[in-house]
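Each chain, written out:
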Amino acid sequence: APVTGARPSCPTPARSVLPGKRELKQFASMRVWIAVVAVLALVGHGTAARARAMQEADDELEGVWVTASAQTPKHLGDATHPSVRYSHDVVVWGDKMVVTHGYFYDRSQNKPSWRDDTWSFSLIPPHTWTPMIPIGGGDGVNVPHGRYGHVVALHGSDLYMHGGTDGGTRITHEHGFKMNMEFDDLWRLNLNDLKWELLLPKDNGHPYGPGKRYLHTAVTVGNHLWFYGGSNKSDLWAWHTEKESWHQIVPQPGDKWPGRRQGHASAALPERGGFVISGGTRWGFGSKALLDDLWVFKVETRKWEQLHQRAPAPVPRLYHKVASANGRLVLQGGSTSTPGMKCQEETWVYDTTTSQWEQLAAAPVAVYHHTLVAHEPTRTAFLFGGHKCGADQPHDPAYLNSVYKIRLPPAKPYEEPELR
């Protein structure tokens, strides 16, 4: 404020000076640095937000299942939740779980409901669902026919889907289920532009690939998608994502391999240089048809190796799921009986270094034909959907669209038992 009684001074007009080349260059450099600082601030804010979300995940009790997304009152879900389903499949895409297709029997309509929609689920808090492709694909959008028992695998931002069955609905337009109606198609969905594309093999590989099948497995290792078994088969196929061609890997005389099976589970196993398959069934009935073996396929040598399992270990089962994270293999659920399915809520973790199984807390639901993924940054496994092996009732739904999660405890060093 001016001093009372003081005469205000008039500033001397500044002489007009145009900036030279040096001043202009300095000004341009300053603008670049301001832009860089702004970008770093935004990136830092996003990184900090993600770190806070991961810290929330770290705060969850280790080894205890909690609800990440509750069951909806209606089977068809709503605008922010997918419908119930089982025998669907999922992939992990960054911090998201992407689910597509599947099946449930809609008792309100007294007919099967074959799903062909695609959703994503956030694997870091807050856990939310986001619709990606609606039922039917929307106006003018071509989507693979609804199915179950199919498999999906991720390479980059491309989701690949193969096989499955709709019980002949696409042909008969009837509600009953007919056998031997499997698909043999291979589709690719770019998760950025959300467009499905039917793939046909190039001339430099097998002319048609694995053929019709369902209840098989698919895993990505390197530039290949690896497909094993299904429909009681024992063959191994590779799809080269760059050459877009099929190749069959045939065991050499004297080689050991897992043999025919369906309803088994599979996951990539980088620590062993390939992927693992677990359990399943050889087409038959009773407990003798169920398997509890664990095999790893090493991509570089093209050889199978049966992994040792220290007792106690999971009992034989089918329609269970496995996922790998941080050198450990998580096994969850499935049925320990066929026919007359007996669902399990068991959760086991296998250490690939010590060959030791560790049983964790049971899941809130006993299910089969569900999905299981592991999110390595938060060391958390997520269980979605499935069937509870019982009759579907209004007060007790057998089909699920709930998501449960469990934070996996760190690996424990194996100690040899003392000899007595």
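Structure: above.
Residues numbered from 1 in each chain as written. Predicted model: local features only at pLDDT ≥ 70, side-chain atom pairs only at ≥ 80, totals over all residues. Heavy atoms only, no water.

### A look at the overall build of the protein
Within the protein, the regular secondary structure consists of two helices and 24 strands. A total of 420 residues make up the protein; the buried ones form 50% of that total. If you take every contact in the protein between residues at least 6 apart in sequence, the share linking residues at least 24 apart comes to 57%. Carbon and sulfur atoms provide 55% of the accessible area of the protein, an area that totals close to 21400 Å². (Helix = DSSP H or I, 4+ residues; strand = E, 2+ residues; numbered from the N terminus. Buried < 20%, exposed > 50% of the residue type's maximum accessible area, 1.4 Å probe, protein only. Contact = heavy atoms within 4.5 Å. Areas by Shrake-Rupley, 256 points an atom, 1.4 Å probe, with all protein chains shown as cover.)

### Observations regarding the sheet that holds strand 18 (residues 321–325)
Strand order in the open sheet made by the four strands is 18-19-20-21, with antiparallel pairing throughout. Edge positions in the sheet fall to strand 18 and strand 21 (356–359), since each has one partner strand and no second. With strand direction ignored, the average angle separating the axes of adjacent strands in the sheet is 25°. Taken together, the four bridges between strand 20 (residues 347–351) and strand 21 define a ladder with antiparallel strand orientation. Bridge pairing links Val349 to Glu358 in strand 21. (Pairing = 2+ DSSP bridges. Axes fitted to C-alpha atoms, helices over the stretch in contact; angles between N-to-C directions.)

### What to know about the state of the cysteines
Tallying each qualifying case throughout the model produces one disulfide. The disulfide partner of Cys343 is Cys389, and the gap between their sulfur atoms is 1.8 Å. The chirality of the disulfide connecting Cys343 with Cys389 is right-handed, given an S-S dihedral of about 75°. Pair noted here: Cys343 is in the loop between strand 19 (328–332) and strand 20 and Cys389 is in the loop between strand 23 (380–387) and strand 24 (399–407), with a separation of 46 residues, a long-range link. (Disulfide = S-S within 2.5 Å.)

### So, the pattern of salt bridges
Per the counting criterion, the structure on display carries 15 salt bridges. Salt-bridge contacts for Glu305 lead to Lys298; the nearest nitrogen and oxygen are separated by 3.0 Å. The network of salt bridges with common partners includes Arg188, Glu197, Lys202 and Glu244. (Salt bridge = Lys/Arg side-chain N within 4 Å of Asp/Glu carboxyl O.)

### Regarding a nonpolar patch on the surface
On the surface, a cluster of nonpolar side chains totalling about 330 Å² of accessible area is made up of Phe177, Met179 and Trp283. Here Met179 shows up in the loop between helix 2 (169–172) and strand 8 (186–190). (Patch = residues over 30% accessible without salt bridge, like charges linked within 9 Å, V, L, I, M, F, W, Y side chains within 5 Å.)

### Focus on the packing of aromatic side chains
A complete count under the given rule lists 27 aromatic pairs for this structure. An angle of 50° between the planes, with centres 4.8 Å apart, marks the rings of Phe121 and Trp129 as tilted. One exposure class covers both Phe121 and Trp129, and it is buried. An aromatic cluster of three or more residues is present, and its members are Tyr86, Tyr103, Phe104, Trp114, Tyr148, Phe177, Tyr214, Tyr319, Tyr368 and Tyr399. Positioned above the aromatic ring of Phe183 is the side chain of Arg170, whose terminal nitrogen or guanidinium carbon lies 3.9 Å from the ring centre. (Phe/Tyr/Trp six-rings, centres within 6.5 Å; stacked < 30°, edge-to-face > 60°. Lys NZ or Arg CZ within 6 Å of the ring centre and 35° of its normal.)

### Let's talk about the nonpolar core
Ranked by size, the top nonpolar core spans 17 residues in total, and within it Trp65, Leu372, Leu383, Ile406 and Leu408 carry the most contacts. Broken down by secondary-structure element, the contributors of at least two residues to this core are strand 18, strand 22 (371–375), strand 23 and strand 24. Sort the elements by how many residues they give to this core and strand 24 lands first, with three residues. Setting aside its immediate chain neighbours within four residues, Ile406 contacts Gly63, Val64, Trp65, Leu360, Arg379, Thr380 and Ala381. (Core = buried A, V, L, I, M, F, W, Y, C linked by side-chain atoms within 4.5 Å.)

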